[in-house]
Amino acid sequence: MRILHTSDWHLGRAFHRVNMLGAQTGFIGHLVTTVRERRVDAVVVSGDVYDRAVPPLAAVELFDDVLHRLADLGVPTVMISGNHDSARRLGVGAGLIDRAGIHLRTEAAACGTPVVLRDDFGDVAFYGLPYLEPALVKDAFGVEKAGHEAVLAAAMDRVRADLAARAPGTRSVVLAHAFVTGGEVSDSERDITVGGVAAVPAGVFDGVDYAALGHLHGCQTITERVRYSGSPLPYSFSEAEHRKSMWLVDLDADGAVTAERVDCPVPRALARIRGTLEELLADPGLARHEEAWVEATLTDTVRPADPMARLAERFPHTLSLVFAPERAPDDPDVSYARRLAGRSDQEIAEDFVAHVRGAGPDQDEQGVLRDAFDAVRADEAVREVAR
């Protein structure tokens, strides 16, 4: 069976202030062409179809368009909801859409109920594990403490139990939206840390032939059977070095996996340039970036006048301007934002406690802070579901 694995479309999202709907439309056309020309048997979309719980109308119309085009090709498609999606909204009409070969899996309780497709060698069971917010699903899965590893392990126990009851030789594919240990992150993914831990080990997916992952925006191989497709388009300058693609996965009669990357269209190159304003305007080596979307980091010790306007004369698609004067780390003028760069909410809160009282939080206090952040995250998830 030939499977096209994609995820993290984020329909409705902009790149800085650039509307990405045209690029997203171009990607959808590329996906449909790939399905037709590469003789794909099934498409899997591993979450974050939309960028937010209530997407703009244009994004919904684009989603509707791709569903019709895939259904017209007669190619079954399995989709799950991600942490950016509203599972309830995405799942509306799932029973009816199912009849057209578009299988939306947005309910945690259905993790152990697969979509079963058949090829010349028998059945392939596709299990959809939507994004599982631990605080919301831990009781349903019977786990004592909310955590990503615990709820994913419980969901996979249901998958393996169902698979064990099926005919010998049944092959299996799991769709999941999670942060798996070993994956490389980028700036455009929403933090899903719970209890101070976001990542789960790849071993959680043991026992299935292929795990089609979503959430991380870089295409990457965790193991030969556990892969991220990544987002088809860039959504932050941290993705400047990404090669955006999908996985074309062949699952043979025995469940062996071979995978090929299929490149996605590039609407415009990304470039991150750094130096003083005068250096950036004069350096001939930067000519190759003049038509790219640019993030410029200025290292001038004194902020120059009209930097964006001057940069735009050479780099008309400059979207982001960062000021990072070259100073010693202990210089009191180093910006607060730079001191916080790369630090988690938990670390920032602990630093604040240390600053206020002269000593950092002890182990119990760290737990209180962690529980507070988890409670806020769970409350946000509940309110998003209720919208």
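Scope of this entry: the structure provided in the associated data block. (Residues numbered from 1 in each chain as written. Predicted model: local features only at pLDDT ≥ 70, side-chain atom pairs only at ≥ 80, totals over all residues. Heavy atoms only, no water.)

Moving on, we get to the sheet that holds strand β17 (residues 270-275). Sheets are built from strands that pair by backbone hydrogen bonding, the pairs being arranged parallel or antiparallel. Spatially, three strands are ordered β17-β18-β19 in an open sheet, and the strand pairing comes out parallel. Every other strand in the sheet has two partners, leaving β17 and β19 (318-323) as the edge strands with one partner each. Between one strand axis and the next, the sheet turns through 15 degrees on average, direction left out of account. Pairing of strand β18 (residues 293-298) with β19 involves five bridges; the strand directions are parallel. Bridge pairing in β19 links Leu 298 to Phe 323. (Pairing = 2+ DSSP bridges. Helix = DSSP H or I, 4+ residues; strand = E, 2+ residues; numbered from the N terminus. Axes fitted to C-alpha atoms, helices over the stretch in contact; angles between N-to-C directions.)

Another point: the nonpolar core. If you look at the biggest cluster of nonpolar residues, it comprises 33 residues, and the most contacted ones within it are Leu 129, Leu 132, Phe 141, Val 174 and Phe 205. Where this core is concerned, the elements lending two or more residues are β8 (122-129), α5 (134-141), α6 (148-164), β9 (171-177), β10 (179-180), β12 (210-214) and β14 (226-228). It is α6 that contributes the most residues to this core, seven residues altogether. Setting aside anything within four residues of it in sequence, one finds Phe 205 in contact with Met 156, Arg 160, Val 174, Ala 176, Val 180, Ala 211, Leu 213 and Val 226. In this structure, Phe 63, Leu 67, Leu 70 and Met 246 belong to the second largest nonpolar core, which totals 29 residues. (Core = buried A, V, L, I, M, F, W, Y, C linked by side-chain atoms within 4.5 Å. Buried < 20%, exposed > 50% of the residue type's maximum accessible area, 1.4 Å probe, protein only. Contact = heavy atoms within 4.5 Å.)

So, about unusual backbone geometry. The phi angle at Asp 8 is positive, at roughly 55 degrees, despite the residue not being glycine. Turning to its location among the elements, Asp 8 is positioned in the loop between β1 (2-6) and β2 (14-15). At Arg 39, a position not held by glycine, the phi torsion is positive, near 55 degrees. Relative to the assigned elements, Arg 39 resides in the loop between α1 (21-37) and β4 (42-46). According to the relative accessible area criterion, Arg 39 is exposed, its value standing at 69%.

Before going further, it helps to spend a moment on the pairing of strand β7 (residues 115-119). Burial of the side chains of β7 is restricted to one face: Val 115, Leu 117 and Asp 119 are buried, whereas none of Val 116 and Arg 118 on the reverse face is. Between β7 and the antiparallel strand that follows it, β8, lie two residues.

Right, let's talk about the pairing of strand β13 (residues 220-223) for a bit. The side chains of a regular strand alternate, residue by residue, between the two faces of the sheet. Bridge analysis of β13 against β14 gives three bridges, and the strand direction is antiparallel. Its bridge partner being in β14, Gln 220 is matched across the sheet by Tyr 228. Connecting the antiparallel pair β13 and β14 is a turn made up of two residues.

It is worth spelling out the packing of aromatic side chains at this point. The full count for this structure, using the stated rule, is four aromatic pairs. Note on Phe 15 and Trp 293: the rings are 5.3 Å apart at their centroids and 40 degrees apart in plane angle, and the pair reads as tilted. Of this pair, Phe 15 sits in strand β2 while Trp 293 is found in strand β18, placing the two residues 278 residues apart along the sequence. For Phe 15, a relative accessible area of 0% translates into the label buried. By relative accessible area, which is 7% here, Trp 293 ends up buried. Between Tyr 50 and Phe 63, the aromatic rings sit 5.4 Å apart at their centres with planes inclined by 65 degrees, giving edge-to-face as the arrangement. (Phe/Tyr/Trp six-rings, centres within 6.5 Å; stacked < 30°, edge-to-face > 60°.)

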